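Commentary on secondary and tertiary structure
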Amino acid sequence: MSLNQSETPDNEQIHKDHDINETPFFDRRQFLSLAATIAACVPEICLADNKNNTQKQQPIEQTNLLPNSLAPAVQFQASPIGSAAYVESLASDSTSNVSRKQNNRIEPWKGVVPDSHAEIAFLPVHRLAALIQSRKLSPVTLTEIYLERLKRLDPQLLCAVTIMEESAIRAAKQAEKEINAGQYRGPLHGIPWGVKDLFSTRNIATTWGAKPFENRVIDEDAEIVVRLQKAGAILIAKLATGTFAQGDDWYRGRTRNPWNIEEGSSGSSAGPGSATAAGCVAFAIGTETQGSIVSPTKRCGISALRPTFGRVSRHGCMTLSWTMDKVGPMCRTIEDCALVFNAIHGADGKDPSTLTAPFRFQRSLDLSNIKIGYSEDIDEPFLKTLRDLGAKPTPMPVPPSYHEIKHILIVESAVAFDDFISQNLDEQLVEKVRVKNFRPARHITALDYLNAQRRRFALMKEMAAYFENIDLYITHSGDVRLTNLTGNPAAVFPYKFDAEQPECITLIGNLFADDTILSVAHAYQKATHWHEEHPPLA
């Protein structure tokens, strides 16, 4: 809050007691504001380059800087009734076991194992898992296939920041040893994957897509990395992100769409989208604050889940917005998204925003029991497929409007990067789209920010009312601004081809109904083939 917005009781009393007929009172707040302005200008004047009379920008403040990882004392809750009340309601349901992970059964492999490395690379996770579990495919061989594709295709796609060949092969050999000894951990054991380079990884650089951090190592594994390691998955690459989670441009260039390398992959989960679509990893982990999973998933024609806010830990991930950042799987099928999400969701004491909710993905869901809404622009062939599967989709009015809600993302991101901006490190950036708003955000008042959050809470209540008679609704746009404010989950997947590349559709679910939207999307994929198409890369 700026000084001229704050009002102390003493000042208020002085104003009340002051006689307006006396000499005008000099406001102490105005004096302090003027003094601060003069003090801020003096160093720049003294350090001006006399040769060309240009001024060098000085650090705003270099003491008591707070790191990006330090969260504020307040925590956002996606449920309008509060997380505690929500979990209590689950506990009262005798059919719910909140903390239990789903036991995922993998359909055994039938038939001949593919000879082509490319065919193997594009197999979904649940098919790769069947091959590995039956020991028809070695985790080492599979890891080598993906590493070769990464090294060969990355010069075109710019999807990888760091290819972790040495540690990946070491982990693959360990996985193979465990599986051969009968110590199979589950469907992700021996599966190579990539993580968006916003997550810290021990002994490996974490760049956030920014040139100043090209060689910066955060000596800690993010919680998402820890959980996937525990599941036996093999991390083979740190994947590209737009600088500070903005777009698909980063310090080496622009990450490309494998379906059309003349265009970007969209972002900011640019590398996860591109690498997954290109068959360079079996799956990837992305993040979203305001479209960064949904957008590259749509552009690259893959399948993804952007979970309900608070379902996956963000510990060890770059903060952009404490009240909107989310972590989710980006895969080639919806079933794969369910397998990965089952391994990573749940409360984490290192991320106070998290909670554990039931997750019951159903491979054979009776769609007649699911209340599905849709907007008027949804394609009839898509709706017909759902009807053929037993669903009864009904038209819905437009969702609640979010347009009055401003400032939240710009303020939170500016605060998260206050230490970076205070040291003028933004001058070293190649791509400055994200940071251009950080300095102006200092002039947004606390009053404006908190009122925006109050309007947001009202919006959340409107959204809860919107979902009173439906379980999910179908949208082309993804409603990313609305649903990132309310915290609702989204499942994205291809449903047709347009201009020689897939076009995706989005299911928006009620809060914590991640399993429902995945089960419906999976039913659609079982009846169609769009998710089986792959880009014709050389």
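These numbers come from a predicted model, not from an experiment.

Digging into the sheet that holds strand β13 (residues 472-475)
Strand order across the open sheet formed by 11 strands is β1-β3-β2-β8-β10-β9-β14-β15-β13-β11-β12, with mixed pairing between neighbours. One side of each edge strand has no neighbouring strand; the edge strands of this open sheet are β1 (160-163) and β12 (394-395). Sheet analysis places strand β9 (residues 303-306) next to strand β14 (residues 490-498), joined by 3 bridges and oriented antiparallel. Directly across from leucine 305, in β14, lies its bridge partner alanine 491. Here helix α11 (residues 334-344) sits on the sheet and contacts β8 (283-288), β9, β10 (326-331) and β14; the angle it forms with β10, its principal contact strand, is near 140 degrees. Against the sheet, helix α17 (residues 514-527) touches β9, β11 (372-374), β13, β14 and β15 (501-509), its axis set at about 20 degrees to β14.

Considering the packing of helix α6 (residues 139-157) against helix α7 (residues 165-180)
Relative to each other, α6 and α7 sit at 160 degrees, their axes nearing to 8 Å. Relative to α7, α6 is oriented roughly antiparallel. For the crossing formed where α6 meets α7, the hand is right-handed. Contact with α6, carried on its side by Pro139, Val140, Thr143, Glu144, Leu147 and Lys151, involves Glu165, Ala168, Ile169, Ala172, Lys173, Ala175, Glu176 and Ile179 of α7 and no other residues of that element. When the residues that make up the contact of α6 with α7 are grouped by side-chain class, the tally is 8 nonpolar, 1 polar and 5 charged.

Points about unusual backbone geometry
With omega at 10 degrees, the peptide bond leading from glycine 267 into serine 268 counts as cis. Following the sequence through the fold, serine 268 ends up in the loop between β7 (260-264) and α9 (270-277). A positive phi is found at leucine 158, a non-glycine position, where the angle reads about 50 degrees. Along the chain, leucine 158 falls in the loop between α6 and β1. A positive phi is found at phenylalanine 512, a non-glycine position, where the angle reads about 65 degrees.

Some words on the environment of glycine 190
Mapping glycine 190 onto the fold places it in the loop between α7 and β2 (192-196). Classification of glycine 190 as buried rests on a relative accessible area of 0%. Taking the C-alpha atoms as reference points, glycine 190 and isoleucine 179, separated by 11 residues in sequence, lie 8.6 Å from one another. With residues near it in sequence (within four places) discarded, glycine 190 still touches Ile132, Pro139, Leu142, Ala175, Gly232 and Ile234.

Details of the packing of aromatic side chains
Within this structure, the stated rule accounts for 22 aromatic pairs. Where phenylalanine 382 meets phenylalanine 493, the ring centres are 6.3 Å apart and the plane angle is 35 degrees; that geometry is what we call tilted. Of this pair, phenylalanine 382 sits in helix α12 (residues 380-388) while phenylalanine 493 sits in strand β14; the two residues are 111 residues apart in sequence, bridging distant segments of the chain. Judged by its relative accessible area of 1%, phenylalanine 382 is buried. Plain terms: the ring middles of phenylalanine 493 and tyrosine 524 are 5.6 Å apart, the flat faces sit at 50 degrees to each other, and that makes the pair tilted. You can see phenylalanine 493 sitting in strand β14 and its partner tyrosine 524 sitting in helix α17, a full 31 residues away along the chain. Under the relative-accessibility criterion, phenylalanine 493 is labelled buried at 0%. Linked through ring pairs, Trp208, Phe213, Phe244, Phe417, Phe420 and Phe438 together constitute an aromatic cluster.

Section: α9
Counting buried positions along α9 yields 8 of 8 residues, so the element is predominantly enclosed. For α9, the set of buried residues is Ala270, Gly271, Pro272, Gly273, Ser274, Ala275, Thr276 and Ala277. Downstream of α9 by a residue or two, glycine 279 has a phi angle that is positive, lying close to 70 degrees.

Digging into the pattern of salt bridges
The final tally for this structure, using the stated rule, is 22 salt bridges. In this structure, lysine 110 and glutamate 107 form a salt bridge, with 4.0 Å as the shortest nitrogen-oxygen distance. Judged by relative accessible area, which is 39%, glutamate 107 ranks as partly exposed. Taking the shortest distance from any N to any O, the salt bridge between arginine 202 and aspartate 219 comes out at 3.7 Å. Highlighted residues: arginine 202 in the loop between β2 and α8 (223-230) and aspartate 219 in the loop between β2 and α8, separated in sequence by 17 residues. For arginine 202, a relative accessible area of 42% gives the class partly exposed. Residue aspartate 219 is classed as partly exposed on the basis of its relative accessible area of 48%. What you see here is one network of salt bridges that share partners, running through Glu223, Arg227, Asp348 and Lys350.

Observations regarding α11
Side chains three or four residues apart in an α-helix point the same way, a direct result of the helix having 3.6 residues per turn. With 10 of 11 residues buried, α11 lies mostly within the body of the structure. All of the buried residues along α11 are Ile334, Glu335, Asp336, Cys337, Ala338, Leu339, Val340, Phe341, Asn342 and Ile344. Two to three positions downstream of the cap, the backbone nitrogen of aspartate 336 sits 3.1 Å from a side-chain oxygen, assigning the N-cap of α11 to threonine 333. Downstream of α11 by one or two residues, glycine 346 has phi in the positive range, about 125 degrees.

Rules and cut-offs
Residues numbered from 1 in each chain as written. Predicted model: local features only at pLDDT ≥ 70, side-chain atom pairs only at ≥ 80, totals over all residues. Heavy atoms only, no water. Pairing = 2+ DSSP bridges. Helix = DSSP H or I, 4+ residues; strand = E, 2+ residues; numbered from the N terminus. Contact = heavy atoms within 4.5 Å. Axes fitted to C-alpha atoms, helices over the stretch in contact; angles between N-to-C directions. Parallel < 35°, antiparallel > 145°, perpendicular 65-115°, else oblique. Left-handed = near helix turned anticlockwise from the far one by under 90°. Nonpolar A, V, L, I, M, F, W, Y, C, P; charged D, E, K, R; others polar. Buried < 20%, exposed > 50% of the residue type's maximum accessible area, 1.4 Å probe, protein only. Phe/Tyr/Trp six-rings, centres within 6.5 Å; stacked < 30°, edge-to-face > 60°. Salt bridge = Lys/Arg side-chain N within 4 Å of Asp/Glu carboxyl O. Polar contact = N/O pair within 3.5 Å; in protein donor to acceptor, adjacent residues only side chain to side chain.

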